[in-house]
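# Secondary and tertiary structure notes
Each chain is listed here by its residues.
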Amino acid sequence: MIDFIYKLKWYFSEHKMKYLLIVVLAVISNFMEVIPPQLIGRTIDLINTGDMTIGTMWLIFLLFIAVIISTYLLLYSWFYMLFGSAYDIESILRMRLMQKFLTLSPSFYERNKTGDLMAKATNDMRSINRAMGFGLITLLDASTFLLTIILVMAFTINLELTFYALLPLPLLIIIEVYLGRMISKRHTESQKSFGVMNDAALEVVEGVRLTRSYVQEEAEAASFKGKTKDYLDRFMKVEKLDALFQPLTIFVVSLSFIIAFGYGAVLVNEGEMTVGEVVTFNIYLNMLIWPMFAMGMLFNIMQRGNASLNRVEEVLQTEDDVVDTGDSIVESSEIDFEHVSFSYPASSRQNLDGVTIHLKAGDTLGIVGKTGSGKTTLIRQLLKMYPAGTGSLIIDGINITRLNKKELRQRIGYVSQENILFSRTVKDNILFGNPGASDDELDRAIEVSALDSDLALMQKGLQTMVGEKGVALSGGQKQRISIARSLIKDPEILIFDDALSAVDAKTEQQIIDNIKRERKEKTTIIVTHRLSAVRHADVIVVLEDGRIAETGSHDELVKSDGWYRRQNQYYETGGEEND
Ligand code: ADP
């Protein structure tokens, strides 16, 4: 509990005055709450002794109303402030988490499952909120209230009776601490199971087309049912214990009632106490149920909150493995790979091995090779997606390790294999590359990416909605929208990572001719399976197991005896490419 509060001390110190006010209001409201039972006791005694007059009755009545209303207002204000802060901190933490998600490099997403990350942004945030809101209210209310009532019972009514009546309470504390520990253990298991279920739900939704085409709906449903049942079982185990808290509290406090009434009667008989005092005493005992019950839950809520905060902090404290030191700016687009070697954090072998390539500004580089030969890995080094390997990668005379990631990416247009489009209009998807682009620039990007004929066929043209809410686009159309998106940026370096795989040969040629014309001064890198896409390139490299196996222009490569030539022959004779 202290751990939890300590970790969030930055928030408390930012809002010192507010929390001070909350504590003051809490203490005052607790004192106010002990007044009505006193009034009731006094009234009974006044009636008993026959001293009650109409005047006193009115006075007591008005006092009663005044106390109840002001207690209500006080409680309302500090509850409101605490609950408000709980939502405030939840939103601050969620924003920080999102910012972190947006900056972390791909290797983080390889280590963490999406379902679990989503659980952190939702379920864990709720636990933190509960600990900050309900938890702190309980802590403040229960502890100050408990203390106030016990002190008032002992010093305004009867010390001895208070002592005996409270004897059963330590028993309750022991049981609650024990129960709390068991609950916390079961809660962790249930959260784990929730993560698994979350991941499964995500997979079912993402893979729904595949599942249908393989007619695996029933098997998938059965497997998901198993996971839901597991979560339900574990959750019910927690709830079973949780549900014990209140009846147990009531049971133990009932023991106190028996003592209070029994021994209270004796004290009244002996003339040590009045009937009114016994009644007041019992009302106080009744008021103890809530803070006692709350104390038991408090342990539980704070522990859950702390566990969740730890999970969230773990992400927040993740250092990006791609360090950003420099702030130099790339002005032109000369690229030199000098003996670049690299292996993925999760890989046991070299995924790039001594790659050396020199590109002048305006050059077109073609990268070909079998699947898994390292083509995408090479591009990822250029984009600074992973930590740098050995050797040096120099852009515009500056080593990439000294380049600022954001600045670098602003100068690169990258079209990846997966064409990720947002559920927005075609126009918005293209303008994503450069939101400030003029209509002319938009038209040019559309023309160069050969998207114009497709747009003419779409009912709403550029205003056509993409994705879930709109039309289903073909793979080729998606690719060309992605290409237009990268072209509108007019980047110093343009990279196509198998970005032409779904367009037909004629359109491919058209796009390549357009790009050659438009990007005379700027560097273009084309990664491809189809040799036709790089035939025109100034330099072509053939990768094999992360190494450069061949390099040269198309004409040079077809003359030498290697993979490129064989592949080209296959292609020319109309055969399919073989990997
Ligand atoms: P290509 O683009 O030529 O098909 P890649 O560059 O994607 O090939 O992959 C090169 C090699 O690196 C492959 O052996 C692949 O299994 C491995 N690899 C790719 N991505 C990762 C990763 N994130 N972690 C570990 N190994 C990877």
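Residues numbered from 1 in each chain as written. Predicted model: local features only at pLDDT ≥ 70, side-chain atom pairs only at ≥ 80, totals over all residues. Heavy atoms only, no water.

## Overview of the UniProt feature "transmembrane region" (unreviewed entry) in the chain
- Residues annotated in UniProt with the feature "transmembrane region" (unreviewed entry) correspond here to residues 20-40, 60-87, 134-155, 161-179, 244-263 and 283-301.
- With 84% helix and 0% strand, residues 161-179 has its two end C-alpha atoms placed 29 Å apart.
- Helix makes up 100% of residues 283-301 and strand 0%. Its end C-alpha atoms lie 28 Å apart. (UniProt positions renumbered as here; feature names shortened; annotations may be inferred. Helix = DSSP H or I, 4+ residues; strand = E, 2+ residues; numbered from the N terminus.)

## Quick notes on the sheet that holds strand S1 (residues 335-342)
- Reading across the sheet, the four strands line up as S2-S1-S4-S5 and stay open at both edges, with antiparallel pairing between neighbours. Each end of this open sheet is capped by a strand with a single partner; those strands are strand S2 (352-359) and strand S5 (398-399).
- One ladder, built from two bridges, connects strand S4 (residues 390-395) with S5; its direction is antiparallel. Each residue of the ladder has a partner; that of Ile395, found in S5, is Ile398. (Pairing = 2+ DSSP bridges.)

## Considering the pattern of salt bridges
- All chains considered together, the criterion is met by 19 salt bridges.
- The partner of Glu407 in a salt bridge is Arg411, with the nearest N and O atoms 3.4 Å apart.
- Residue Glu407 is classed as partly exposed on the basis of its relative accessible area of 24%.
- Via salt bridges that share partners, Arg444, Glu447, Arg517 and Glu518 belong to a single interconnected network. (Salt bridge = Lys/Arg side-chain N within 4 Å of Asp/Glu carboxyl O. Buried < 20%, exposed > 50% of the residue type's maximum accessible area, 1.4 Å probe, protein only.)

## Considerations on the domain arrangement of the chain
- Taken as a whole, the chain is organised into domain 1 (2-186 + 236-316) and domain 2 (417-490).
- A C-alpha centroid distance of 57 Å is found between domain 1 and domain 2. (Domains from an automatic or database assignment.)

## Here we look at the site of the ligand
- Lining the immediate surroundings of the ligand are 14 residues, of which Glu110, Arg349, Gly372, Thr376 and Thr377 lie closest.
- Here an oxygen atom of the ligand sits 2.8 Å away from a polar atom, N or O, in the side chain of Arg349.
- Interatomic distance of 2.7 Å between a backbone N/O atom of Gly372 and an oxygen atom of the ligand.
- When the free accessible area of the ligand is taken as 560 Å², the share hidden by the protein chains comes to 72%. (Near = heavy atom within 4 Å. Polar contact = N/O pair within 3.5 Å; in protein donor to acceptor, adjacent residues only side chain to side chain. Areas by Shrake-Rupley, 256 points an atom, 1.4 Å probe, with all protein chains shown as cover.)

## Let's talk about the side chain of Gln479
- Within the secondary structure, Gln479 sits in helix H20 (residues 475-487).
- Here Ala502 takes part through its backbone nitrogen, which lies 2.8 Å from a polar atom of the side chain of Gln479.
- If near-sequence neighbours (up to four positions away) are discounted, Gln479 is found in contact with Asn419, Asp498, Ala499, Leu500, Ser501, Ala502 and Val503. (Contact = heavy atoms within 4.5 Å.)

## Here we look at the nonpolar core
- Among the nonpolar cores identified, the biggest contains 71 residues, and Trp78, Met132 and Leu285 are the most heavily contacted of them.
- Apart from residues no more than four positions distant in its own chain, Met132 is found in contact with Phe4, Leu8, Tyr11, Phe12, Tyr19, Leu82, Ala86 and Ile89.
- With 40 residues, the next largest nonpolar core counts Val415, Leu421, Ala445 and Val534 among its residues. (Core = buried A, V, L, I, M, F, W, Y, C linked by side-chain atoms within 4.5 Å.)

## A look at the sheet that holds strand S10 (residues 547-552)
- Strand order in the open sheet made by the six strands is S6-S7-S8-S3-S9-S10, with mixed pairing throughout. At either margin of the open sheet sits one strand with a lone partner, and together these are strand S6 (412-415) and S10. Put simply, the sheet's adjacent strands are angled 15 degrees from each other on average, direction ignored. (Axes fitted to C-alpha atoms, helices over the stretch in contact; angles between N-to-C directions.)

## Describing the environment of Pro435
- For Pro435, the position within the fold is in the loop between helix H17 (426-431) and helix H18 (439-448).
- In the structure, Pro435 is positioned 54 residues away from Lys489 in sequence and 9.0 Å away in space, judged by C-alpha atoms.

## Quick look at the packing of helix H13 (residues 245-269) against helix H14 (residues 275-316)
- Contact geometry of H13 with H14 gives a least axis separation of 9 Å together with a crossing angle of 160 degrees. Judged by the angle between their axes, H13 and H14 are roughly antiparallel. In this structure, the crossing between H13 and H14 has a hand that is right-handed. On the side of H13, the interface is formed by Phe245, Gln246, Thr249, Ile250, Val253, Ser256, Phe257, Ala260, Phe261, Gly264 and Val268, while H14 contributes Val275, Val278, Phe281, Asn282, Leu285, Asn286, Ile289, Met292, Phe293, Gly296, Met297 and Asn300.
- Classifying every residue of the contact of H13 with H14 by side-chain character gives 15 nonpolar, eight polar and no charged. (Parallel < 35°, antiparallel > 145°, perpendicular 65-115°, else oblique. Left-handed = near helix turned anticlockwise from the far one by under 90°. Nonpolar A, V, L, I, M, F, W, Y, C, P; charged D, E, K, R; others polar.)

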